[in-house]
Amino acid sequence: MPATILVMPKGFAFSSFGKLGENYAIIVITSSGKLMKVNSGIVKKMMNGKNMCLYVTINQPYERMVKLLKQDEINTSRIFFIDCITETSGGKAERVDNCLYLNSPSNLTELSIAITHALQAMSGSKFLFMDALSTLIIYNKQNSFARFSHFIMTRMKLLGLNGIFM
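Residues numbered from 1 in each chain as written. Predicted model: local features only at pLDDT ≥ 70, side-chain atom pairs only at ≥ 80, totals over all residues. Heavy atoms only, no water.

A. Spatial organisation of the environment of Val-43. The topology assignment puts Val-43 in helix H1 (residues 35-47). For Val-43, a relative accessible area of 0% translates into the label buried. A C-alpha to C-alpha distance of 9.5 Å links Val-43 and Phe-127, two positions 84 residues apart in sequence. Once you skip the residues sitting within four places of it in the chain, Val-43 turns out to touch Tyr-55, Ile-74, Ile-79, Phe-127 and Phe-129. (Helix = DSSP H or I, 4+ residues; strand = E, 2+ residues; numbered from the N terminus. Buried < 20%, exposed > 50% of the residue type's maximum accessible area, 1.4 Å probe, protein only. Contact = heavy atoms within 4.5 Å.)

B. Expanded view of helix H3 (residues 108-121). Between the first and last C-alpha of H3 there are 20 Å, a value that for 14 residues agrees with the 20 Å anticipated at 1.5 Å per step. For H3, the set of buried residues is Leu-108, Leu-111, Ser-112, Ala-114, Ile-115, Thr-116, Ala-118 and Leu-119. Taken together, the buried residues of H3 touch strand S3 (52-57), strand S4 (79-83), strand S5 (99-101), strand S6 (126-130), helix H4 (136-139) and helix H5 (142-159). (Expected span 1.5 Å × (residues − 1).)

In short, geometric facts, not functional conclusions.
As structure tokens, this is what we get:
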């Protein structure tokens, strides 16, 4: 699985994501001011009418993410969310079919298990999207973060899964 670091240049065309082939992991770096627009653009392109998405949200609560994605005309019924931030920030985690709320982004074991179970439960073509991988460093020790990142990359290889990390 090749890993790529992609800095979103000015005028970047999301159509480039369709030319990546299979089994890749991409780290996308963009400014915080463009993050939501870039996230939506990538998810929309990657879903491509057929793919399922496992969206791990570390920066934005589930409800806000769904609202923003729907504003960009993205069908959220084919997205399963793992929300790591709503409960940490004091928000209310209402039970919904397409979201699993975790207690905190500091429990990487819980996050690893949740990702594994969600991916196994999803059928068909799918990809993993993490909205702010670097935010996990705020909540975790560097060694724990490194082990988690290695685990996720290995899990993706085993499942033949594509992944986008912001």
